[in-house]
Amino acid sequence: MVKFSKQLEGQLVPEWKDVYCNYKELKKDVKRIKQGHLQLNVGSMIDPATAGTSDTALQRSMQEYTSLENNMNAHFSHTSSSYNKKQLAGAADEHGSEVLETELMEPLGKAEPHRMFFNHLDAQLNKINRFYKLKETEYIAQARRLEKQLLALFEVQEALVARQTSLLSSQSSSKSTDSNSSSYCADESLGGKFYYCMHANVASSSKKKKMKKKRSCTQKLELTLSRIDIKDMCRNDVQIADRPSWSRSQHKIDLSKRKKKINSCEKMLCTAFIEFYRGLGLLKSYSSLNMVAFAKILKKYDKVTKRNLAPMYIKEVECSYFASSDKVTELMIKVEEIFTKHFSDNDRRKAMTLLRPMQQDGNHTTTFFLGIFAGWTVALLSVFLLILLTQNNYRTTGGKGYMETVFRVFSTLGLVLLHMYMYGWNVYAWEKTRINYGFIFEFSPGIELHYREVLLICTALSSMLLGTMIVHIIASTKEAPNYHGSDWVPLSITLVFLVMLLIPVNIFYKSSRYFFLRCFRRIIFAPFYKVGLSDFFLGDQLTSQVVSFRNVEFMLCYFSGGYFQRRDESACSDNTMFKLLTYMISLLPYWWRFLQCLRRWRDEGDKMQLYNSGKYMSAMVAVVLRLAYVSHSSIALLVLFVLSSCFATLYQVYWDVVVDWGLLQQNSKNPWLRDNLILKRKYLYHISMWLNALLRLAWISSIQPLNGIPGFSQPAWSVIFAALEVIRRGQWNFYRLENEHLNNVGKYRAVKTVPLPFKEFEGGSV
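Calculation rules
- Residues numbered from 1 in each chain as written.
- Predicted model: local features only at pLDDT ≥ 70, side-chain atom pairs only at ≥ 80, totals over all residues.
- Heavy atoms only, no water.
- Helix = DSSP H or I, 4+ residues; strand = E, 2+ residues; numbered from the N terminus.
- Buried < 20%, exposed > 50% of the residue type's maximum accessible area, 1.4 Å probe, protein only.
- Areas by Shrake-Rupley, 256 points an atom, 1.4 Å probe, with all protein chains shown as cover.
- UniProt positions renumbered as here; feature names shortened; annotations may be inferred.
- Lys, Arg positive; Asp, Glu negative; His and termini not counted.
- Salt bridge = Lys/Arg side-chain N within 4 Å of Asp/Glu carboxyl O.
- Contact = heavy atoms within 4.5 Å.
- Axes fitted to C-alpha atoms, helices over the stretch in contact; angles between N-to-C directions.
- Parallel < 35°, antiparallel > 145°, perpendicular 65-115°, else oblique.
- Left-handed = near helix turned anticlockwise from the far one by under 90°.
- Nonpolar A, V, L, I, M, F, W, Y, C, P; charged D, E, K, R; others polar.
- Core = buried A, V, L, I, M, F, W, Y, C linked by side-chain atoms within 4.5 Å.
- Disulfide = S-S within 2.5 Å.
- pLDDT = per-residue confidence, 0-100.
- Phe/Tyr/Trp six-rings, centres within 6.5 Å; stacked < 30°, edge-to-face > 60°.
- Polar contact = N/O pair within 3.5 Å; in protein donor to acceptor, adjacent residues only side chain to side chain.
- Patch = residues over 30% accessible without salt bridge, like charges linked within 9 Å, V, L, I, M, F, W, Y side chains within 5 Å.

Peer 1: Whenever I open this one, the overall build of the protein chain confuses me. Can you help?
Peer 2: The number of helices and strands found in the protein chain is 27 helices and four strands. Relative to its full complement of 766 residues, the protein chain shows a buried share of 45%. Taken as a whole, the protein chain presents about 41,000 Å² of accessible surface, with 60% of it coming from carbon and sulfur.

Peer 1: Explanation requested: the UniProt feature "transmembrane region" (unreviewed entry) in the protein chain in the structure shown.
Peer 2: Per the UniProt record, the feature "transmembrane region" (unreviewed entry) sits at residues 368–389, 401–422, 454–476 and 488–509. Taken end to end, residues 368–389 is 100% helix and 0% strand, and its two terminal C-alpha atoms sit 32 Å from one another. In residues 401–422, the share of helix is 77% and the share of strand is 0%. The end C-alpha atoms are 31 Å apart.

Peer 1: Quick question: what am I supposed to make of the side chain of Lys127 here?
Peer 2: As for its placement among the helices and strands, Lys127 is situated in helix α4 (residues 112–170). Buried Lys127, no salt bridge; nearest opposite-charge side chain is Asp18, N-O distance 7.6 Å. Contacts of Lys127, omitting those with residues within four sequence positions, involve Asp18, Val19, Tyr20 and Asn22.

Peer 1: Just checking my understanding: could you explain the environment of Leu283 for this structure?
Peer 2: On the secondary structure map, Leu283 appears in helix α8 (residues 248–305). For the pair Leu283 and Glu136, spaced 147 residues apart in sequence, the C-alpha separation works out to 8.0 Å. Ignoring any residue separated from it by four or fewer positions in sequence, one finds Leu283 in contact with Trp16, Tyr132, Lys135, Glu136, Tyr139 and Val328.

Peer 1: Can you help me understand the pattern of salt bridges in this one?
Peer 2: Where side chains of opposite charge bring their charged atoms close, a pairing between them can arise. All told, the structure shown has 18 salt bridges when counted by the stated rule. A salt bridge links Asp603 to Arg599; the shortest N-O distance between them is 2.7 Å. With Asp603 and Arg599 both in helix α23 (residues 576–604) and four residues apart, this pair spans about one turn of that helix. On the basis of relative accessibility, which here comes to 32%, the residue Asp603 falls in the partly exposed class. What makes Arg599 buried here is its relative accessible area of 16%.

Peer 1: Any chance you could explain the packing of helix α11 (residues 327–342) against helix α12 (residues 348–355) here in plain terms?
Peer 2: Direction vectors running N to C along α11 and α12 enclose 120 degrees, while the axes themselves pass 9 Å from each other. With respect to each other, α11 and α12 are oriented oblique. Seen along the crossing, α11 lies across α12 with a hand that is right-handed. Where α11 approaches α12, its residues Glu336, Phe339 and Thr340 are matched on the opposing element by Arg348, Ala351, Met352, Leu354 and Leu355. Residues belonging to the contact of α11 with α12 are distributed by class as follows: five nonpolar, one polar and two charged.

Peer 1: Can you walk me through the nonpolar core in this structure?
Peer 2: In globular proteins that are soluble, nonpolar side chains generally tend to be buried together. In terms of nonpolar packing, the biggest core is built from 72 residues, with Trp16, Phe117, Leu121, Phe273, Tyr286 and Phe294 touching the most fellow members. The set of elements that each furnish at least two residues to this core consists of α1 (4–11), α2 (23–44), α4, α8, α9 (310–319), α11 and α12. Apart from residues lying up to four places away in sequence, Tyr286 is in contact with Trp16, Val19, Tyr20, Ile128, Phe131 and Tyr132. Core analysis: the next-biggest nonpolar cluster, separate from the first, contains 31 residues, Tyr437, Ile440, Cys519 and Met689 among them.

Peer 1: Would you take a moment to explain the state of the cysteines for this structure?
Peer 2: Linking two cysteines covalently through their sulfur atoms gives a disulfide. The full count for this structure, using the stated rule, is one disulfide. One disulfide in the model links Cys557 with Cys572; its S-S distance is 2.1 Å. Judged by the sign of its S-S torsion, about -100 degrees, the bond between Cys557 and Cys572 is left-handed. A residue pair is termed long-range when its members are at least 10 positions apart, and Cys557 in helix α21 (residues 546–560) and Cys572 in helix α22 (residues 570–573) qualify at 15 residues. The two residues Cys557 and Cys572 agree in class, both being buried.

Peer 1: Help me understand the confidence of the model for the protein chain, please; the structure alone is not making it clear to me.
Peer 2: Here the protein chain averages 80 in pLDDT, and 75% of its residues register 70 or above. Note that pLDDT drops below 50 for residues 48–55; the model gives that stretch three contacts with residues more than four away or on any other chain. Note that residues 57–94 has pLDDT below 50 and, in this model, 75 contacts with residues that lie over four places away or in other chains.

Peer 1: Help me understand the packing of aromatic side chains, please; the structure alone is not making it clear to me.
Peer 2: For any pair of aromatic rings, the description rests on two quantities: the centre-to-centre distance and the angle between the ring planes. Scanning all chains against the criterion turns up 44 aromatic pairs. Note on Phe549 and Trp592: the rings are 6.1 Å apart at their centroids and 65 degrees apart in plane angle, and the pair reads as edge-to-face. Of the two residues, Phe549 is situated in helix α21 and Trp592 in helix α23; the sequence distance between them amounts to 43 residues. Looking at Trp592, the relative accessible area reads 9%, which means it is buried. A connected cluster of aromatic rings, assembled from ring pairs, spans Tyr423, Trp430, Tyr437, Phe441, Phe443, Phe515, Phe537 and Trp732.

Peer 1: Just to check I follow, could you spell out the environment of Phe368 for this structure?
Peer 2: Looking at the element boundaries, Phe368 is found in helix α13 (residues 364–390). A sequence separation of 88 residues divides Phe368 from Leu456, and the C-alpha atoms of the two residues are 9.5 Å apart.

Peer 1: Would you take a moment to explain the side chain of Asp302 for this structure?
Peer 2: Along the chain, Asp302 falls in helix α8. Of the buried charged residues, Asp302 lacks a salt bridge, with Arg307 as the closest side chain of opposite charge at 8.2 Å. A polar atom in the side chain of Asp302 sits 3.2 Å from the backbone nitrogen of Leu309.

Peer 1: Got a minute to help me understand the environment of Trp672 in this structure?
Peer 2: Mapped onto the fold, Trp672 is located in the loop between α25 (635–660) and α26 (683–695). Trp672 sits in the partly exposed class, given a relative accessible area of 46%. Placed 14 residues apart in sequence, Trp672 and His686 show a C-alpha to C-alpha distance of 8.9 Å. Ignoring any residue separated from it by four or fewer positions in sequence, one finds Trp672 in contact with Leu663, Leu664, Gln665, Gln666 and Met689.

Peer 1: Looking at this structure, I do not really get unusual backbone geometry. What am I missing?
Peer 2: Only a minority of non-glycine residues have a phi that is not negative, and only a minority of peptide bonds are not trans. The backbone phi angle of Arg434 is positive, close to 65 degrees, even though this residue is not glycine. Position of Arg434 relative to the elements: it lies in the loop between α15 (406–432) and α16 (437–440).

Peer 1: Honestly, a nonpolar patch on the surface in this entry has me stumped. Any pointers?
Peer 2: Residues Phe368, Phe369, Ile372 and Trp376 make up a contiguous nonpolar surface patch of roughly 420 Å² in combined accessible area. Along the chain, Ile372 falls in helix α13.

As structure tokens, then:
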């Protein structure tokens, strides 16, 4: 049977963890009371004839405690003398909350453990009431905003219908166009804020009559549309009136564009209602979990003290605000009705599927196949290493030029798989530490991959890759020295990987694959898309795959030029255009992140993004000088390369630890860390900081090529250092999301903020 403390830990909203009932602390108070009872029993076993003078004080205290225990009945009463309620002083008056104070009557009031327990219990109840009322007020205000948005959407839709009617009648008479179309009133003197009042002749419907009463023309709904340009709509009305010669096809195109914009607004509102409903569900769950927590801890208290005080206190809990308010339930019912009617075509099953998506838990099938593929991966890796160590023919004939050509193809896929393994480890660590990674990355509820699914993909692809490498070794050894068919093998496995990523069929976790592709598209066109956390997070991952980007460039040259048929490793590396493209390819990930920082600075006005862009600019300078030094070794380039790399490394290490991880806070209660830590072992943070700095120094290997160790050529060392960078990035991922999660916890952000299509103005103010 699962203990309630673990059950509570597993079901609570991670971002609201601090405002839940502190069940563990209350449990400690009950244990103190239990220890007092045990000491009482031990004291009663002392023999007064054999006890020394030192035990006299203990016996006296035990007798006093016994007198308290013997007179505890009926000393906890549910009366006005036991409970005092008063308004919170100071800042708490803003919430209008009440404080519950439990007065323990004599002699129970003199028992310090009991008094401490009920003081803590009262504090927890008051904290929960305050938070619940605060969030409830926020959701009620949000419900009003959504209602206005929905009414505005109805008006725009009515206007579109009226406009379609007016366009049809405008061909016969311009007067009928003026009488049947909706009138748009635009006032450009208010800084681009357009006011409109729609008069549609729809009085035949009683529902539309009610809507007309709510929004009369004297009370104009002042809205600025973020996606529907009212100014253009007004201008087009005038043009239609002045230019009746427009063709019917042009009218249809104009209406089609406006219909798409309105559909886009409808989708935004649909998403907003889904997130709003999810927030209401979390608040309702918050209420029920805390109610259970109070019942459980009071049951434990009664069990220890052998009293029946729980029903009295539970009655007060049931009468408290968080347990008695039904506004959240009413809002949920209302949202279900609205969503079913207006966003699901009166299909309640479809509406509830969208509002309450089922969570995908790891099933036994996933675990079974994960074990199968993991076993295959280990076995194939053992076979591959055994072949390399024992097959002399391969090392002398089949392996000719292998490290400079085919190895670069296989190593690229291996680095990608290593990155996926690190992400699987990240997901496992985030789930174990209750970091809400799905909310942070804005995954759709219920479709995010858990660590078992991620590792299943990794092991399956690893089995395919290792099997392909073994087949290639055997084929290349038999075909040497021609290699006409064997080097098609690495190209084939690369194409298989790409097909599995891009295939538009709903297999291989299509939703996750497409989420990745959408993020990648926004990274490529960074200045033209608003940057979210998942976008710049993926961009940072790409900066750790620079070696893979250069290998992809080599693969395009090697296979498209037909050089793989004779395994000519110098055909690409000696090409001047190839060398120039190497600079561009190596800078691409940093350039994308640089543009993302500039876009975020433009959108958010945060100067820290300019400093962040400076970090990527310094990295680009260091990369250019590094490539120049490797190609043209000289003292001047070496000095510039070392100086730029040192500056970039210091810049990156500082940003990693201080900004991204939020550590090295001088005045923190945890020295040189931060106030809030998720990991209990603090030394792990110190180790991670030093390890991150050490792995950032991998560029030192470029100063002097490492060819002295037998069996390890320069391509092998490049892959080893690239793998270390991927491991460093995996470590960075955990602490980066930990810091983001703690920021959400501090602001109690548990649902994502969805932009609304209409911006509201009341009395001329936003």
